[in-house]
Amino acid sequence: MNYYSLHKKSPNVSFQEAIVNGLAPDRGLYFPESITPLAKEFIDNLDQYSNEEIAFEAIKQFVGDEIPEAVLQEIIKDTLSFDFPVVPIDENTATLELFHGPTMAFKDVGARFMARCLGYFNRNNSNKVTVLVATSGDTGGAVAHGFLGVKGVDVVILYPSGKVSDIQEKQLTTLGQNITALEVAGVFDDCQDMVKSAFLDADIQRTLTSANSINIARWLPQMFYFFFAYKQVYKQQKEVVFSVPSGNFGNICAGIMAQKLGLPIQHFVAATNINDTVPNYLINGVYEPKPSKATISNAMDVGNPSNFIRIQELFHQDINALKQAFSSYAFTDDITRNAMKTIYEQSGYIADPHGAVGYLGAKEYLQQHPNSLCIFLETAHPVKFLDVVESTLPVKVAIPEQIKEVLDKPKEATFIRSYDELKAFLNTEIVTL
Ligand SMILES: *Cc1c(COP(=O)(O)O)cnc(C)c1O
């Protein structure tokens, strides 16, 4: 499979090149040249297949012959070594729990898949790359964990000093081996700017790639969730709708890809916090990116969602076609906290703030379509947003094993204050693997 740049000013590239480049030279996102629906018989009998088999069917056309089938199956098996349960909340809503991976956020799947693909492409140690990533919290941990010990891949993570939670900081800074954490004097945007400068800097003597959802190997595996959820509910004979708490819109865009592959999804709801660039676009037809605002669902504090352009491509830049299949609603922190309380009081379920935003999107849609089954994605375990959860609900969240493990380990991070210090680090530090 080849990929083209959505800016249409760069050559088309292979799966491998698209992963290693991250972004095309013209700064456009990569997009597959074709999308071929899966056999109807396969979709109709989804519950006859294992998660690994489903994932393999969904992704194989996007990999093509660049990874042998047996190796791809192994990569998928390794990536998906945990559960993806759908938990009923009430008569019309259920939640798809995506937090059973090692760092308890849905980004584990994409990070693990990408790491294993890069590991395969580097199997002869001839294509060393450095994954350079800025994080506001969750991405860093998932990437660090996903890439730990992968041969020929070094990972350098920039995070804003004092701006991530203790748990998130430990998840980034305690792993060692090929993972280095750089603690930046500044905010997330400073980290992001440094990473962007490094990608544009011809003096950096390493092959750099990104590991956020602009990278096709992070983005495409997220299609799997929608198949796994559908498999668990389609025998209920209801129209299935997904409500996805959205920030960079990678997850929901992957859901629309699953629909293009033939999954009978009635509608998508992109639920956001007050960073409402997309909801506004659907209302007034003007796409107006804004600086991001801080909220309690901070993994979605994005003012200019990078994957929205892929969604527009999937609907051929036709806003009316988009509106038929896709809605988007924004919710304040107060409304989100109230939703967490409602969910807890009515069903005993503890939702994290991101999941609660998804729940609100589901309820909004159900007002007009009361007979659908609306599944909202629970993108992180409540323990990852402990302060918000415990100050909103009368609960004490038990610390799961995989979190306890990192809390006891010592933090190791290098403090940097400027882009020059990052550059010096990248050009002098001896590659460990
Ligand atoms: C990253 C993240 C999101 C947003 O996902 P996008 O694909 O960027 O829209 C939502 N919730 C949590 C917990 C996240 O970490």
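Reading guide: rules and limits
- Residues numbered from 1 in each chain as written.
- Predicted model: local features only at pLDDT ≥ 70, side-chain atom pairs only at ≥ 80, totals over all residues.
- Heavy atoms only, no water.
- Phe/Tyr/Trp six-rings, centres within 6.5 Å; stacked < 30°, edge-to-face > 60°.
- Helix = DSSP H or I, 4+ residues; strand = E, 2+ residues; numbered from the N terminus.
- Buried < 20%, exposed > 50% of the residue type's maximum accessible area, 1.4 Å probe, protein only.
- Pairing = 2+ DSSP bridges.
- Contact = heavy atoms within 4.5 Å.
- Axes fitted to C-alpha atoms, helices over the stretch in contact; angles between N-to-C directions.
- Near = heavy atom within 4 Å.
- Polar contact = N/O pair within 3.5 Å; in protein donor to acceptor, adjacent residues only side chain to side chain.
- Areas by Shrake-Rupley, 256 points an atom, 1.4 Å probe, with all protein chains shown as cover.

Asks: Sorry, what's going on with the packing of aromatic side chains here?
Replies: The relative placement of two aromatic rings is captured by the distance of their centres and the angle of their planes. Evaluated as defined, the whole model comprises 23 aromatic pairs. Relative to Trp219, the ring of Phe31 lies with its centre 6.2 Å away and its plane at 35 degrees, an arrangement referred to as tilted. Taken together, the residues Phe31 in strand S3 (residues 30–32) and Trp219 in helix H9 (residues 216–219) connect sequence positions 188 residues apart. Per residue, the accessibility class of Phe31 equals that of Trp219, and both read buried.

Asks: So what exactly am I meant to see when it comes to the sheet that holds strand S6 (residues 129–134) here?
Replies: Spatial strand order, S9-S6-S7-S8-S14: 5 strands in an open sheet with parallel pairing. Pairing within the sheet leaves two strands with one partner each, and these edge strands are strand S9 (208–209) and strand S14 (414–416). Together, S6, strand S7 (153–160) and strand S8 (179–184) form the strand contacts of helix H6 (residues 138–147), whose direction differs from that of S7 by roughly 165 degrees.

Asks: What is the right way to look at the side chain of Thr103 in this model?
Replies: Assignment of secondary structure puts Thr103 in the loop between strand S5 (93–97) and helix H5 (107–121). Among all residues touching Thr103, those that are not within four sequence positions of it are Asp108, Gly141, Ala142, His145, Gln171 and Lys384.

Asks: Where do I start with the site of the ligand in this structure?
Replies: Around the ligand, the structure places 15 residues, and the nearest of them are Lys107, Gly247, Asn248, Phe249 and Thr379. Contact distances for the ligand include 2.9 Å between an oxygen atom and a backbone N or O atom of Asn251. In the environment of the ligand, a nitrogen atom lies 2.8 Å from a nitrogen or oxygen atom belonging to the side chain of Thr379. If the ligand stood free it would expose 380 Å²; the protein chains cover 96% of that surface.

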